[in-house]
Amino acid sequence: MASVASPAVTLSDIQLVDYTLETLGSLGELRTQCLRARAQVCIERAKYVTEYLRDFSVPEESAELRRARAMHYFLSNKAPLFFDDSLLAGTTTSKPFGAPVYPELTGLTIWPELDTMSTREKNPQRISPEDAEELNLRIFPYWMERNVLETTRTRCHNPPSMRLFERIVFFLAGKAGAVSHTVPCYRLGLEKGLNAIMAEAAAREAAVRGKGTLSAEEARQAEFWQAVRIALQGIVNYAGNLSRKAAELAEQEANPARKANFVRMAEVCSRVPANPASSFREALNAIWILHIAVHAENINMAVSPGRLDQILYPYYRRDIDSGSLAVQEALELLGCLWLKLNDNTNLVPETAEELFGGAGTVPAVTVGGVDENGQDAVNDLTYLMLRVTELLKTRDPSLNARYHYQVNPREYRDRVAEVVANTKAVPAFYNDVAAIATLENQGIPTRHARDYSVIGCVELSASGRSYDSSSSILFNLPAVLELTLYNGKRPVTGEEQIGPQTGDPASFRSFEDFWKAFTGQLGWLIEQAIELNECLGRTHQECLPTPLLSGLFEGPMDAGRDLIFGGALYNSSGATHIGFADTVDSISAIEKAVFLERKYTLPQIIEALGKDFAGAEELHAYLLYRTPKYGTDDPVAVKNSRNLVAFLYETYQRHVNYRGGRYRPAYWTMTNHAGQGKLAGALPNGRKAGRVFASGITPVSQAAADLAGCLLGVASLDALQIPGGEAFNLKYPAIQDQDDLKRFSQAIEAYFQCGGIQIQFNIMSYEMLLDAKAHPENYPELLVRVSGYSAYFKDLNDAMKEEIITRTAYDLRTGSAVAFPERAKSMLPGN
Amino acid sequence: MTHPLELGSNLVADKLVEKFRECLESEVAEGFLTLLLDLMAAVLFFNARYRENIKRFDACYVFRTADDSMVVTAIFRHDRLEVWPHRRKDAQPNIIITFQNPKALRNLLLAPKADILGSMLRQEVRLEGNLNYLYKLAYMARRLQLIATRAV
Amino acid sequence: MSAGRPLIANIRRFSLDDGPGIRTTVFFKGCPLACIWCHNPECQSEGPEIGFHSELCIHCESCARACGAGAICPDAAQRVNREACTACGDCAEACPPAALRMIGTYYPPGQLVELILRDRPFFDVSGGGATFSGGEPAMHIEYLSGVLEELKRVGIHTAVQTCGLYDAAAFTQQVLPYADLIYFDVKLLDPADHWKYTGRPNAAILRNFRQLAATARSKLVPRMPLIPGITTTDRNLRAAARFLRETGYSACQLLSYNPGVIAKRRTAGMPGLEELPEALPGVEEQRRWRETFLEYLAA
């Protein structure tokens, strides 16, 4: 812990209690508008991109250039809109709260609903009849054979791995819907300005072309630099349009404050992001415009702004020191950026809503931690951003606090803990020691590992330098368990032989036999998922290069290679796992029941599973209460959890992806643990059919009876084998006073010192959550931590609500699990 | 200007709408596929607005039960819909939809409260081919559903 | 002092109420006193016993089938007939949901130390450590001493909660050197009251307190349980305050009463329930007791 106060922290009050929504300009009003906003489908992007490709593009041109030109066309024509009194200019879509359509990816999945999604029961997204017709008749038809999934199907001849993916219940292939999931290097845009980057691209292109005859590689490079220039010019054009529009609105505006704001915005947008930012306000607005621009090209899923407290700090410091910026204004500006980050949401079709509902776009912002030299990087902006988050309590951005227990000051840790206690859900804590170590272990040089950011949800990334496609694979572990128990079949897919025949469980003589069969199925299914990811990756290379994002990244400009072709300094693909705890507990249950105590046979257990434990109450109780549980220090549980993590790590790391990076296993689940749980039968850990799985890397609900065991159990997993990141969800009913807060902080400290990577919280009691489920109208703004991001409780589907309700709550004062309310016991996965 | 949902007066079409609506409300949805395609063909014929959906749209859909006891081919070409009660050798299907029963097919295509989850659990529908064709067809089917339920 | 092996009823981790920081508290079985308000009734008897968690019971009657002593009453709320029970543990072994559990495990000293040291990360970040309670840890001084010594050797903070009735010489020689804090209960000053409510006289207890106050003042922390109508009488508060003043103390930890103890004691088949108030004492009332006591202490 730092005993010398950092010069970067000059605030007299790091809690900034004097600043509230009442005193921060129109932030309160903007926030209210934000929370009230109702989602509308925005077709503007789809319209322009399709128009360009369909009507104007030259088919002979490379995808790189056509894509760049389409981005240029869209951004140049994108309507410059001002919906409210925000201090920042620019909107992600043409709607105040828009769900943009990406027909190249999964946009067409809403086709069936064009007439009904405005009025559907769960999370309706409104679309006008005119827009519906445009999509139906003019946009979607163009993409029927051209979206990523279908293109891949044709190119790879509808491979079995794709058909497996389409069964939903084995793994999900993220690339069908997105690569995104990255942290761009906005710093480049702020420091150099787009004009300079374009000039650089032009110079490089000219240098190569000047050679005369070009090799194929050089020709591609030249095209790449040309494409970057074209795409970035589109951004400059958009900013120019914003500037002109703001000036126009200023002319027409009578209200002096509003007029002044328009004038300022017109000025700002005339300078940035074309030129380097020269003030805090310019830097903020530049980041915002760049963020919008990235979404022209990349779907709005987890494009994460990164370490904003580091990136914006030089501008903040200069302006504060020169007197041209006050803390008050800085907070207002940050608040505006925070609210802007909420101005868009994902387009969600009905089925996805039912299975996986409630997730947002998760733009993750990272604060704190250490700098490239390993020094304390906490600064004034870190505290301003914490305060803004504390005041606004909006779903986005997802704030992530890096904490280095050897370097960052205790008061920083405690302030973050305080914000968690006040918001009851955010931010999440990241262990710098473990995170940096695991990235170094992946071959990232120390100074870059130290500069890591979080990609929403919880993935670790060498910010702005590493293209991580962290959501490439979402892997369903309990599916493998069932495949093992049913010799390559799963109840939900009936009699079909899905996986290899690893043996009739009745023939297993030892736990080693079982483990061999299990890892056999697991290895096979992983191969399928990887194969499909590679196919989809190559389709992205062929059809969806990302020149715009590549221009805002470290690596591609020097290499002359698009991110999608491996141009980033570092590359990887992320594979996350659903149902880890339930799977581990089931394996341990089998080991104890069948092989250690010889109390039951596998066929007996399998039969009971098939009947959802009906008529097998003793067997069920035994499996539920007397078998080893992950999240305790039972040696069997510890062994199996570590072995599973090790097996996954070793298997994935043997594979190199199409961009030259390795596969990194992770353990976060969004809401998939609810959806997949609904589709799975009863499991040997005592979980009944159709019940949700535990989230992320968290132990099964109610299985880990004491807090100490739970924290140490999760921390005992080897962080070096979890390079993709993890989500560990912990719940406390209340943090009531300073003593509680101190213990809360200390528990995190101990957990980090034992090697845990990440931890996040819901500070809510069972009773409160049960009430919120029964009476949603009384809790319109209740924000809960789901699994790596936050959601409004009322937006979650019933299964997810129940999952959050049933998560073990620990009493901070006794370290024991709080008894689950008797009247709601039927919600528990074992009941 | 004709309202997009109006059919104009046509006794055949009216009768089909009536039967279709009954099918929508019924528990087992007997005859759903035939009713849907017949109604679709009729509306395509009479309603220029609806017909725009299939302008320059060439596609072949094959619907079948798992045991092939029922096979229907729907071909969109030349701005028309042709329905055949068997597989056509001259048409390569863009998508093959295998369904267990008419209710499963209805749940797949129509709204609201489509029991997608239940459908998946019971493995009631299998899809092979380009899913975008299914989405488009579902859109057109839901259009018909709106017509049928709003028509007096 | 006890002749039998020391049995541990429970090890409670991440405890905040048993000393400074985050602590791990070890509860010994066996106590020389039998306070009618004891919040840990399962720790009173030295020997092993069977505990029953009725909310987990699935009514399979595996316990009845397993019991060789006819001590199981399947329909009774008190599942185990303590007269007949030999605490062999067969029922607990057979119970599928572990609703019946053996209370009282022997750990070789090294193993107990290991178990405590699991939680070292929490001690280190919070200035916490290990606390020994129960029951009465000083019924097994040699065992306790061995464990304490080892913990001190590896730098762990230690605390002992005692009722004060122990062999003074042995305690001074074997426990005191390795205990950083001694939480010493002061309950009832009137000898007759003390006998009535705890089953033992208080002379030796008060003598031991005086001795520690004289020789190990900085380690000794007096505690008093506030049991409504029993220890909170004006007479007792005055007497306790005077005693503490005389021994040089101007502060004392006051422990609140929890009416939940009644249900706990009923399940364990313990007497004296009629004397215990069923209602949680009001905030006002509690405040009054504390204020009164502090007044007397300061007088």
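Residues numbered from 1 in each chain as written. Chains lettered and ligands numbered in written order. Predicted model: local features only at pLDDT ≥ 70, side-chain atom pairs only at ≥ 80, totals over all residues.

Caption draft 1: How the structure looks around the interface of chain A and chain C. In this assembly, 22 residues from chain A lie in contact with 19 residues from chain C. Listed by contribution, the elements that provide at least two residues to the side of chain A that touches chain C are α26 (617–625), α29 (707–715) and α30 (738–753) of chain A. Ranked by residue count, the leading element in the side of chain A that touches chain C is α26 of chain A, at six residues. Across the side of chain A that touches chain C, the residue classes break down as nine nonpolar, five polar and eight charged. (Contact = placed C-beta atoms within 7 Å. Helix = DSSP H or I, 4+ residues; strand = E, 2+ residues; numbered from the N terminus. Nonpolar A, V, L, I, M, F, W, Y, C, P; charged D, E, K, R; others polar.)

Caption draft 2: Examining the domain arrangement of chain A more closely. Residue and element names in this part refer to chain A. Taken as a whole, chain A is organised into domain 1 (27–102 + 107–146 + 187–305 + 341–347) and domain 2 (473–827). Centre-to-centre, using C-alpha coordinates, domain 1 lies 36 Å away from domain 2. Each side of the interface is counted separately: domain 1 has 27 residues, and domain 2 has 18 residues. Among the elements of the structure, α3 (63–77), α7 (186–192), α8 (194–209), α9 (216–252) and α11 (280–297) are those that each provide at least two residues to the side of domain 1 that touches domain 2. Looking at the side of domain 1 that touches domain 2, the element that brings in the most residues is α9, giving seven residues. Of the residues contributing to the side of domain 1 that touches domain 2, the split by class is 17 nonpolar, four polar and six charged. (Domains from an automatic or database assignment.)

Caption draft 3: Focus on the packing of α11 of chain A against helix α14 (residues 327–340) of chain A. All names here are of chain A. Contact pair α11 / α14: the axes reach a minimum separation of 11 Å and the direction vectors enclose 5 degrees. Taken together, the axes of α11 and α14 lie roughly parallel to each other. Two secondary-structure elements touch here, α11 through Phe280, Arg281, Leu284 and Trp288 and α14 through Ala330, Leu333, Leu337 and Lys340. Its residues assigned to classes, the contact of α11 with α14 comprises six nonpolar, no polar and two charged. (Axes fitted to C-alpha atoms, helices over the stretch in contact; angles between N-to-C directions. Parallel < 35°, antiparallel > 145°, perpendicular 65-115°, else oblique.)

Caption draft 4: Highlighting unusual backbone geometry. With an omega of -5 degrees, the peptide bond running from Asp396 of chain A to Pro397 of chain A counts as cis. Here Pro397 of chain A lies in the loop between α16 (380–392) and β5 (398–403). Residue Cys457 of chain A is reached from Gly456 of chain A by a cis peptide bond, and omega for that bond is 5 degrees. As for its placement among the helices and strands, Cys457 of chain A is situated in the loop between β7 (452–455) and β8 (459–462). Backbone geometry places Arg56 of chain B, a non-glycine residue, at a positive phi of 55 degrees. Along the chain, Arg56 of chain B falls in the loop between α3 (48–51) and β1 (59–65).

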